[in-house]
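Chains, contacts and geometry: an overview
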Amino acid sequence: MAHMRAVIWIVEGTWQGCIDVALGILPGDAEVVLLHAGSADAQQAAEAASAGLLGRHRPGRGGPGLVQVSDEEAEGLLTAAEQRLGRGELRRVRVGGRVERAVVEALADGVDVLVCARDGDRSRLGPHSLGPATRFVVDHAPCTVVLVWPDETPDVGSIPPPPHHERPHHHGPPHSPPRHT
Amino acid sequence: MSGLPAEFVSLVLLAATLGFAVLRPRGLPEAVVAVPAAAVVLALGMLSFHEARAEVRSLAPTVAFLAAVLVLAELADRHGLFHALGGWIAAGSRGSPVRLLALVFAIAGLVTAVLSLDATVVLFTPVVFRTVARLRLRSKPHVYACTHMANSGSLLLPVSNLTNLLAFKASGLSFARFGAIMALPWIVAIAAEWVVMRRFFTSDLVGRGTVPRERIEAPRFALAVIALTLVGFFVTSVAGISPAYAALGGALVLGVPALARSRISVREVGAALDVPFLAFVFGLGVIVASVSAHGLESALARIVPGGDSLLALLAIAFLAAIVANVVNNLPAVLLLLPIVVGTGPGPVLALLIGVNVGPNLAYVGSLATLLWRRILQHHGVDPSTLEFLRLGAITVPITLTAATLALWISLRVVA
């Protein structure tokens, strides 16, 4: 039987949780890809902001450029993830462009499992526990998705109560009569 | 030349000057078009030599002040100030992205207020980017916070923004009084930005960063000189001397040892002075004076409400924000200032709230700049631009309203 092929989506801030869960659930002989999707948003904003100064900026300042910094840190991040996982059969993949699409494309050929983290509202269970990019990936992934709570998993009691407007009012008896205690 | 033709020619010259300043083809300084355009204004007799000289004279102290502050910030960087700030916010965050964002807000607000928005954009933002990357967190919220704080955080002092410097004299306020009245709007603007960004970036403020262990050398000398310069701003202002001398003093005290120890060369000090930019300000001043003189001033005066009722202040702030997004904030303040001048500090300060906060709508300073760049560099509008515009569309109206309301209260409490 072919080995299981798994992708762990390594994202700044939440990668540790994904690695720990992967260690628990992936079989020892799984082929694992550590995937990092870089986005140039922040770097572009940092560099373009000086255009707002109407030319009062001095290009070519000392120190490494921001592109180089993100590059080095992405490599460093993958190395740290590799060490935390501590397994032999590993591949690193770095993709760029629109993060959510790049990640889905990386799952295209024969990937069995994606491990990624929730990054939305983490104060309670649902309904917005996924950020926009992660939601896109979960919606479109052509494989099984393992969703990890990065910090502590919220209590079941944190689920918001059902909305009021769903109850029928003034039209005969409600489906479940309100309890008076 | 006078009347409508003169107004038309002035507007064309203004558009050419601004377009060139935004694009800077081949990295040429923006003065390359601004100064000849100002010469055209004179040659065609649209502004008399005396009027032009008066305009340049009234701008001179402001330009000197700006030059001193630009050099001061650059020298503070050479003394290791911004490197240390990066280390401190990393250590202070203890790995939490939200705590880090709070520290970025606080430091960027202070850096902008004391060393001007240029220091935040040019010197602090790259440091924040590197710091967040090294913590292995997502850098978007923190970098966007810097760009927003560079604008919204520039309300506090005359020195915080070139727009403030330009309007400072017209406000009729002392340095200390300016700061006293604007303290509340400044804090309210920062708080409003915080509330919006904290929610907007929930999904990027996630997880825990790895704090690098390193000893941070405190740049005591630079910090002491900047603190003394700040005190100097108030003291000179009370004594009736231009606060530019305090900035100059600070730059000298930081500059001499830095030059002696070769931390900076004379050439680099010259580059930090940015003489071509200063020439650009003079040229722009002359062109805008011509635009105002031939009809725009009276046209704008008709739509700007008088008095300092809350409604009037809000109208001025929103109008100023719109104009700033059409022609950039520097020309906006030059255009609108003559209309509100002489009506007391309220309208002038509301104008500043508008031209300072308004540019947050687009990350390059104004919607006009954004369009120029997109059109002429053949870029499509990418998702990150759309996201930034969405953020601005939320924060700008809220921040403008909250800060202007705070100004209205402040004017009544302080005055």
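Parameters at a glance
- Residues numbered from 1 in each chain as written.
- Chains lettered and ligands numbered in written order.
- Predicted model: local features only at pLDDT ≥ 70, side-chain atom pairs only at ≥ 80, totals over all residues.
- Helix = DSSP H or I, 4+ residues; strand = E, 2+ residues; numbered from the N terminus.
- Buried ≥ 20, exposed ≤ 12 C-beta atoms within 10 Å, placed from the backbone.
- Contact = placed C-beta atoms within 7 Å.
- Pairing = 2+ DSSP bridges.
- Core = buried A, V, L, I, M, F, W, Y, C linked by C-beta atoms within 7 Å.
- Nonpolar A, V, L, I, M, F, W, Y, C, P; charged D, E, K, R; others polar.
- Expected span 1.5 Å × (residues − 1).
- Bend = angle between axes of the 7 residues up to and from the residue.
- Axes fitted to C-alpha atoms, helices over the stretch in contact; angles between N-to-C directions.
- Parallel < 35°, antiparallel > 145°, perpendicular 65-115°, else oblique.
- Left-handed = near helix turned anticlockwise from the far one by under 90°.

**Digging into the overall build of chain A**
Across its full length, chain A carries five helices and five strands. The proportion of buried residues among the 181 residues of chain A is 35%. Across chain A, the fraction of contacts at a sequence separation of at least 24, relative to all contacts at a separation of at least 6, is 77%.

**Structural notes on the environment of B:Phe221**
Position of B:Phe221 among the secondary structure elements: in helix 9 (residues 220-239). Residues B:Phe221 and B:Leu81, spaced 140 residues apart in sequence, show a C-alpha to C-alpha distance of 9.5 Å.

**Thoughts on the pairing of strand 2 (residues 31-37) of chain A**
Residues and elements named next belong to chain A. For strand 2, the buried fraction is high: five of the seven residues fall into the buried class. In this sheet, strand 2 lies alongside strand 1 (residues 5-9) in parallel orientation, the contact comprising five bridges. Bridge pairing in strand 2 links Trp-9 to Leu-35. In terms of strand pairing, strand 2 meets strand 3 (residues 90-95) through six bridges, oriented parallel. Bridge pairing in strand 3 links Val-33 to Arg-91.

**Quick look at the nonpolar core**
Within the largest apolar cluster, 166 residues are counted, with the highest numbers of intra-cluster contacts made by B:Leu72, B:Val104, B:Ala320 and B:Leu351. Excluding residues that lie within four positions of it along the chain, B:Ala320 makes contacts with B:Ala332, B:Leu336, B:Leu351, B:Gly354, B:Val355 and B:Gly358.

**Describing the interface of chain A and chain B**
Counting from both sides, the interface comprises 33 residues of chain A and, opposite them, 44 residues of chain B. Of all the elements in the fold, those that place two or more residues in the side of chain A that touches chain B are helix 2 (41-48) and helix 3 (66-85) of chain A. Per-element accounting of the side of chain A that touches chain B gives the leading share, seven residues, to helix 2 of chain A. For the side of chain A that touches chain B, the per-class residue count stands at 13 nonpolar, 11 polar and nine charged.

**Here we look at helix 12 (residues 275-303) of chain B**
With 29 residues, helix 12 of chain B should cover 42 Å at 1.5 Å per step; its first-to-last C-alpha distance of 36 Å lies more than 12% under that length. At B:Ala293, helix 12 of chain B shows its maximal kink, close to 70°.

**Considerations on the sheet that holds strand 3 of chain A**
Residue and element names in this part refer to chain A. Strand order in the open sheet made by the five strands is 3-2-1-4-5, with parallel pairing throughout. The open sheet terminates on both sides in strands that have one partner only, identified here as strand 3 and strand 5 (144-148). Averaged over all pairs of adjacent strands, the angle between strand axes in this sheet comes to 20°, irrespective of strand direction. Of the strands in this sheet, strand 2 and strand 3 are in contact with helix 3, which crosses strand 2 at around 150°.

**Brief notes about the packing of helix 7 (residues 162-171) of chain B against helix 15 (residues 345-357) of chain B**
Residues and elements named next belong to chain B. Contact geometry for helix 7 and helix 15: axes closest at 10 Å, N-to-C directions at 175°. In terms of axis orientation, helix 7 runs roughly antiparallel to helix 15. Contacts from Thr-163, Asn-164, Ala-167, Ala-170 and Ser-171 in helix 7 reach Pro-345, Val-348, Leu-349, Leu-351, Leu-352, Val-355 and Asn-356 in helix 15. For the contact of helix 7 with helix 15, the residue count by class is eight nonpolar, four polar and no charged.

**Examining the packing of helix 4 (residues 99-106) of chain A against helix 5 (residues 132-140) of chain A**
All names here are of chain A. Look at helix 4 against helix 5: their axes get within 8 Å of each other, and the N-to-C directions meet at 30°. With respect to helix 5, the element helix 4 is oriented roughly parallel. As helix 4 runs across helix 5, the sense of the crossing is right-handed. Touching Val-99, Glu-100, Val-103 and Val-104 of helix 4 are Ala-133, Phe-136, Val-137 and His-140, all from helix 5. Split by residue class, the contact of helix 4 with helix 5 holds six nonpolar, one polar and one charged.

**Some points on the environment of A:Arg135**
Mapping A:Arg135 onto the fold places it in helix 5. Spatially, the C-alpha atom of A:Arg135 lies 8.6 Å from that of A:Glu100, the residues being 35 residues apart in sequence.

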